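Letter by letter, the chains look like this.
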Amino acid sequence: ISVLKDLITKEATARKISLKPQVDVKPETFPRFLELIHPKLAFQHALTQQVRMVEPLREVQLQEGETKFLAPELQIVLQHATEIQQQFELQPQRLAFLH
């Protein structure tokens with residue numbers, strides 16, 4: 001909302017129009033907002049955790065050759081390591097959007 005307010009104020013100033021925008025945010029909007037943003041933040045957090053595991057898992061794979069002894073979640077991270085790293089590269093843009 002503040003971004004929109006700043007944009008409108010900037011455009012009005014450029015056109016020499018005087019504005020005093022007022023915003024009335026209802027308290028019940030915050031729980032809904034948090035409900036909507038939580039899955040996106042949880043995804044970004046999980047992605048960060050997975051990226052931290054990629055290199056150590058690759059080392060294990062190189063040393064051991066076999067990775068069947070790893071937990072299924074770790075095997076999935078190892079199998080999708082390239083995709084995880086590509087997703088992680090987009091993370092700054094996604095976090096900037098959420099901010």
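For the structure, check the block above.
To start, this report covers the structure provided alongside it. Nothing here was measured: the structure is a model prediction, and the numbers come from that model. (Residues numbered from 1 in each chain as written. Predicted model: local features only at pLDDT ≥ 70, side-chain atom pairs only at ≥ 80, totals over all residues. Heavy atoms only, no water.)

### A look at the packing of helix H2 (residues 29-64) against helix H3 (residues 72-79)
Quick note on the threshold: Here the axes come from fitting lines to C-alpha atoms, over the contacting stretch only for helices, and the angles between their N-to-C directions go from 0 to 180 degrees. Working definition: helices are DSSP H or I runs of at least four residues, strands are E runs of at least two. Numbering for both runs from the N terminus. The scheme is simple: roughly parallel for angles under 35 degrees, roughly antiparallel for over 145, roughly perpendicular for 65 to 115, oblique for anything else. Residue contacts are counted whenever heavy atoms from the two residues lie within 4.5 Å of one another. Residues are grouped as follows: Ala, Val, Leu, Ile, Met, Phe, Trp, Tyr, Cys and Pro are nonpolar; Asp, Glu, Lys and Arg are charged; all remaining types, including Gly, are polar.
Between H2 and H3, the least distance of the axes is 9 Å, while the angle of their chain directions is 90°. What the angle tells us is that H2 and H3 run roughly perpendicular. Taken together, the residues of H3 that come into contact with H2 (itself represented by Gln 50, Met 53, Val 54, Leu 57, Arg 58 and Gln 61) are Leu 74, Val 77 and Leu 78. The residue inventory of the contact of H2 with H3, partitioned by class, reads six nonpolar, two polar and one charged.

### What about the nonpolar core?
Rules: Take the buried Ala, Val, Leu, Ile, Met, Phe, Trp, Tyr and Cys residues and link them wherever side-chain atoms come within 4.5 Å; each set so joined is a nonpolar core. Burial classification: accessible surface area is computed with a 1.4 Å probe over protein chains only, and a residue below 20% of its type maximum counts as buried, one above 50% as exposed, and the rest as partly exposed.
One finds Leu 47, Val 51, Val 54, Leu 57, Leu 70, Val 77, Leu 78, Ala 81 and Ile 84 forming the largest nonpolar core, which totals nine residues. Of all elements in the fold, only H2, H3 and helix H4 (81-89) reach the threshold of two or more residues within this core. In terms of residues, this core owes the most to one element, H2, which gives four residues. Leaving out residues up to four positions away in the same chain, Leu 47 has contacts with Ile 84, Gln 87, Phe 88 and Arg 94.

### Side note on the environment of Leu 34
Within the secondary structure, Leu 34 sits in helix H2. A C-alpha to C-alpha distance of 28 Å links Leu 34 and Glu 73, two positions 39 residues apart in sequence.

### Things to note about the environment of Ala 42
When you line up the elements, Ala 42 lands in helix H2. For the pair Ala 42 and Pro 72, spaced 30 residues apart in the sequence, the C-alpha separation amounts to 20 Å.

### Thoughts on the pattern of salt bridges
What counts, and what does not: One speaks of a salt bridge when a side-chain nitrogen belonging to Lys or Arg is within 4 Å of a carboxyl oxygen belonging to Asp or Glu.
Following the criterion strictly, the structure yields four salt bridges and no others. The salt bridge partner of Arg 58 is Glu 55, with a shortest N-O separation of 3.5 Å. Here Arg 58 and its partner Glu 55 are both found in helix H2, three residues apart, which amounts to about one turn of the helix. Since its relative accessible area comes to 26%, Arg 58 is described here as partly exposed. Residue class for Glu 55 comes out partly exposed when judged on its relative accessible area of 44%. Residue Glu 66 is joined to Lys 68 by a salt bridge in which the shortest nitrogen-to-oxygen separation is 4.0 Å.

### Notes on H2
Cut-off, in case you're wondering: One less than the number of residues in a helix, times 1.5 Å, gives the span that helix is expected to have. To get the bend at a residue, fit one axis to the 7 residues ending there and another to the 7 starting there, then take the angle between the axes.
When the terminal C-alpha atoms of H2 are compared, their 52 Å separation across 36 residues agrees well with the 52 Å that a helix rising 1.5 Å per residue should span. Of all the bends in H2, the largest measures some 35° and sits at Ile 37, one to four residues before the proline Pro 39. Within H2 the residues assigned to the buried category are Ile 37, Gln 44, Leu 47, Thr 48, Val 51, Val 54 and Leu 57. In the segment just after H2, Gly 65 is the residue with positive phi, at about 80°.

### Things to note about the side chain of Thr 48
With respect to the helices and strands, Thr 48 occurs in helix H2. Those residues in contact with Thr 48 that lie beyond four places of it in its chain are Phe 88 and Gln 91.

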